[in-house]
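If you want the building blocks of each chain, they are given just below.
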Amino acid sequence: MGNSSSRGRSKPGQSHGSKVAPSSSAGEQSQQKTFKWSIDGFSSLLDKDAGWTYSRVFEAMGHNWYLKLNPRDKKSNDCKEYVSLMLELANRSVKSDTVVDASFKLLIYDQSFGKQSKHEVSHSFQTASTSSGTSCMISLGKLKKQSSKFLLNNCCVFGVEFIKVTTLKANTTSETLFVQKPSIFNEAKTYTWDIDDFFALKNPGYSPEFEVSGYKWHIIMYPSRDGNHLSLYLKLKKTNDLPKDTANLVELTLSIKDQETGKHKKGTGRCQFAKNARTWGWSKFISLEDFKNSANGYLVKTKCCVVAEVAIVGSSKME
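About the cut-offs
Residues numbered from 1 in each chain as written. Predicted model: local features only at pLDDT ≥ 70, side-chain atom pairs only at ≥ 80, totals over all residues. Heavy atoms only, no water. Salt bridge = Lys/Arg side-chain N within 4 Å of Asp/Glu carboxyl O. Helix = DSSP H or I, 4+ residues; strand = E, 2+ residues; numbered from the N terminus. Buried < 20%, exposed > 50% of the residue type's maximum accessible area, 1.4 Å probe, protein only. Pairing = 2+ DSSP bridges. Disulfide = S-S within 2.5 Å. pLDDT = per-residue confidence, 0-100. Contact = heavy atoms within 4.5 Å. Core = buried A, V, L, I, M, F, W, Y, C linked by side-chain atoms within 4.5 Å.

Q: Even after reading the chapter, I still don't get the pattern of salt bridges, so can you show me in this structure?
A: Pairs can form between side chains of opposite charge once their charged atoms are near each other. Counted by the stated rule, this structure contains 6 salt bridges. A salt bridge links lysine 68 to glutamate 88, with the nearest nitrogen and oxygen atoms 3.2 Å apart. In this pair, lysine 68 is assigned in strand β5 (residues 63-73) and glutamate 88 in strand β6 (residues 82-89), connecting sequence segments 20 residues apart. Take glutamate 88: its relative accessible area is 1%, and that puts it in the buried class. Linked through salt bridges whose partners overlap, the residues forming this network are Glu209, Glu211, Lys216 and Lys237.

Okay, here's the thing in structure tokens:
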């Protein structure tokens, strides 16, 4: 439910000039599929400031709802005014661990011929999304035309007709990421891996172990991936002190030095290292053709140099 306020806007439970027929019992009301909202004195509503007017909260299909009406809504890049209608699930009717999937029709009634202007909608209502979204039902000019009969004796009738409502347990995993401010405690540390004989390197080859922020790391190089690429990764050696549902956000740069001109080949990213994700990098860091081309300076005779810049800049928790 919107929490902003403006003049000319009613609140849930205070319908503006609306007539709502009560049902005979709560049990019958819960199974209702259609709600009609008559607004008498519609022209008076148009004279008020722009904004949304709320119906009373009503019960249908086992949940509490209300309709929201904006008689002077506008679309982007369109100077016309539209009558917009929305369905909203009352906050108390949805729990944080549930999703209410609803299919329904938003309606404006032609009061002379019993016809309706319909807009069919499907929406998953949950605590972060209790509103169905704006539905521009009809232009205000068309509604006010005498021939349309949507406005009759200064009265309009809106409504909602439910097709199907299903309540499910939310099958959601959420993560909160905490990003640290830069400080001397999370400055990047640099490790240089000098490889004397690239052609003697195993596939994969592991750098000596090095330490950053109390954790042990390796650079991993695959001298040949898919026959034509060199792959480069950073690997966290152990995660014994890292709880199962937490991770470290790592800012990393892996480089192969250009030993001739200083135009190094770099890959940079911010990745989360956890018990189930201890390795991050690039499977196609550089083509072997470019790497072995002596003009590029990456491989000089048999020697190459790989540099890792590593900083832990945050942490996350999974729920």
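Q: Can you help me understand the pairing of strand β9 (residues 135-139) in this one?
A: Put simply, side chains in a regular strand alternate between the two faces of the sheet. For β9, the tally of buried residues reaches 4 of 5 residues, placing the bulk of the element in the interior. When β6 meets β9, the two strands line up antiparallel, connected through 4 bridges. Note that in β9 the partner of valine 83 across the bridge is isoleucine 138.

Q: Quick question: what am I supposed to make of the environment of serine 96 here?
A: Take serine 96: it is sitting in the loop between β6 and β7 (98-109). Exposure remark for serine 96: the relative accessible area of 64% places this residue in the exposed category.

Q: I keep staring at the state of the cysteines and nothing clicks. Help me out?
A: In a disulfide, the sulfur atoms of two cysteines are held together by a covalent bond. Tallied over the full model, the rule gives 0 disulfides. A disulfide-free cysteine, cysteine 156 has its sulfur positioned 6.7 Å from the sulfur of cysteine 155, the nearest such atom. Under the relative-accessibility criterion, cysteine 156 is labelled buried at 0%.

Q: Teacher, can you tell me more about the confidence of the model for the protein here?
A: As a note on interpretation, predicted positions should not be read in detail where pLDDT is low. In the predicted model, the protein carries a mean pLDDT of 84, and 89% of its residues have values of at least 70. In the predicted structure, residues 1-29 sits below a pLDDT of 50 and forms 54 contacts with residues beyond four places in sequence or in another chain.

Q: Quick question: what am I supposed to make of the nonpolar core here?
A: Taken as a class, soluble globular proteins show a tendency for nonpolar side chains to be buried jointly. By size, the foremost hydrophobic cluster in this structure holds 34 residues, and its most contacted members are Phe42, Trp65, Leu87 and Phe162. If sequence neighbours within four positions are ignored, phenylalanine 42 has contacts with Leu69, Pro71, Leu140, Leu143, Leu151, Asn154, Cys156 and Phe158.

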